[in-house]
Amino acid sequence: MSNEKFSEKMGDAMLDPRNNRIWKGVLWLLGILLLVDVLLSWYWSQEPELREVPHRENAVAGETLTRELIFVADTLLSKPGGYLSNDILPHRLWMDNMPAWEYGVLVQVRDFTRVLRRDMSRSQSQSQEDRDLAVAEPQFNFDAQSWAMPATESEYRRGIKALQRYLDRLTDADEGDGKFYARADNLNYWLNEVQNRLGSLSLGLSQSVGRSQLNMDIAASLTPQEADSKEEFVQTPWLKIDDAFYEARGATWALTQLMRAAETDFAEVLRKKNATVSFRQMVRELEATQETLWSPVILNGDGFGMLANHSLVMANYVSRANAALVDLRKLLQEG
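A short tour of the structure in this document, coming up. Keep in mind that what you see is a predicted model, and the values were worked out from it rather than measured. (Residues numbered from 1 in each chain as written. Predicted model: local features only at pLDDT ≥ 70, side-chain atom pairs only at ≥ 80, totals over all residues. Heavy atoms only, no water.)

1. Things to note about the nonpolar core
Now for step 1: Judged by nonpolar contacts, the single largest core of 71 residues is most densely connected at Leu116, Trp190, Met259 and Leu328.
Now for step 2: Excluding residues within four positions of it along the chain, Met259 makes contact with Trp190, Leu191, Val194, Phe279, Met282, Val283 and Leu286. (Core = buried A, V, L, I, M, F, W, Y, C linked by side-chain atoms within 4.5 Å. Buried < 20%, exposed > 50% of the residue type's maximum accessible area, 1.4 Å probe, protein only. Contact = heavy atoms within 4.5 Å.)

Shown next as structure tokens:
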């Protein structure tokens, strides 16, 4: 049979009314599946709300913070839809807000786990590191987008289990097994990490509106006249504005939860340094970043234009939290 006759026969078969029903059924099925996927994407995009940190009687130093770290890490895996950053299903094409939120949370989990392993669980730089924290930290630094062999979720669950073993040893009756040192310098080490992260988030958010700025990376090696000539226009790409916003939402959600727990474990340090009020003010600024977002999309109006700019509003809260953090660190160092 020639190619021309074969094509005519196939065309006639596809136009046969009896076969049209099959094609219509297939199209209806695909449409229903797409609608279900869109509805699931909407549900899975709901951000977890802030929760009050549970306080246990006779809790040992570090217990509240470690429990909250486990809660924050577990939320990445157990929230509606589970962990979505490594999802390869079609909804990944239009559902990028939640992966950005997850990345913001993950960075804070990584930072705090590193400080917990490196500083808070050790009496000095020459002391032995905790064996379970030595397992937990690298687990959370595993590739965030690996979907198989091994999957990201399985690696993060190993990290959570290692944190749980550390917590069990920290709270058991065997003194000397698990350690946590609630000192001002250890708190300051973590706050330094937080300060750098908040500064970066605030800058990324403020770049939602394009503006000319000097290149600060090379300004130190140039004369003022040369630095002026290196002015450049910086603006977040339109398709990345919502990603920057939700990354900041995720990071500040995780920080709020951890900071609330830190107020309990470092209460005596904050009291001695007269820093309790400053600490609470910083936490309040972080809490403001989690207010309900009523708009279905992230608006990007001009700074003083007719429409809101959600990125600039978020940048304001992040910057205020960062400013309070700077004052807090001074009190911890000098108070």
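2. Some points on the packing of helix α10 (residues 241-265) against helix α13 (residues 310-334)
Now for step 1: Orientation of α10 relative to α13, taken along the N-to-C sense of each, is 30 degrees, at an axis distance of 10 Å. On the basis of the axis angle, α10 is roughly parallel to α13. The chirality of how α10 crosses α13 is left-handed. Along its contact with α10, which presents Ile241, Phe245, Ala248, Arg249 and Thr252, the element α13 presents His310, Ser311, Met314 and Val318.
Now for step 2: Here the contact of α10 with α13 is built from residues that sort into five nonpolar, three polar and one charged. (Axes fitted to C-alpha atoms, helices over the stretch in contact; angles between N-to-C directions. Helix = DSSP H or I, 4+ residues; strand = E, 2+ residues; numbered from the N terminus. Parallel < 35°, antiparallel > 145°, perpendicular 65-115°, else oblique. Left-handed = near helix turned anticlockwise from the far one by under 90°. Nonpolar A, V, L, I, M, F, W, Y, C, P; charged D, E, K, R; others polar.)

3. Observations concerning the packing of aromatic side chains
Now for step 1: Overall, the coordinates contain seven aromatic pairs when judged by the stated rule.
Now for step 2: Ring geometry for Phe71 versus Trp253: centroids 6.2 Å apart, planes at 45 degrees, classification tilted. Here Phe71 is found in helix α3 (residues 63-78), whereas its partner Trp253 is found in helix α10, with 182 residues between them in sequence.
Now for step 3: Here Phe180 and Phe266 contribute two aromatic rings whose centre-to-centre distance is 5.8 Å and whose plane-to-plane angle is 65 degrees, an arrangement assigned as edge-to-face. One end of the pair, Phe180, is in the loop between α6 (152-171) and α7 (184-206); the other, Phe266, is in the loop between α10 and α11 (267-272), with 86 residues separating them in the sequence.
Now for step 4: Overall, the relative accessible area of 10% leaves Phe180 in the buried class.
Now for step 5: The structure contains a cluster of three or more aromatic residues connected by ring pairs, namely Phe71, Trp101 and Trp253.
Now for step 6: Geometry around Phe71 places Arg51 over its ring, the cationic atom sitting 3.7 Å from the centre. (Phe/Tyr/Trp six-rings, centres within 6.5 Å; stacked < 30°, edge-to-face > 60°. Lys NZ or Arg CZ within 6 Å of the ring centre and 35° of its normal.)

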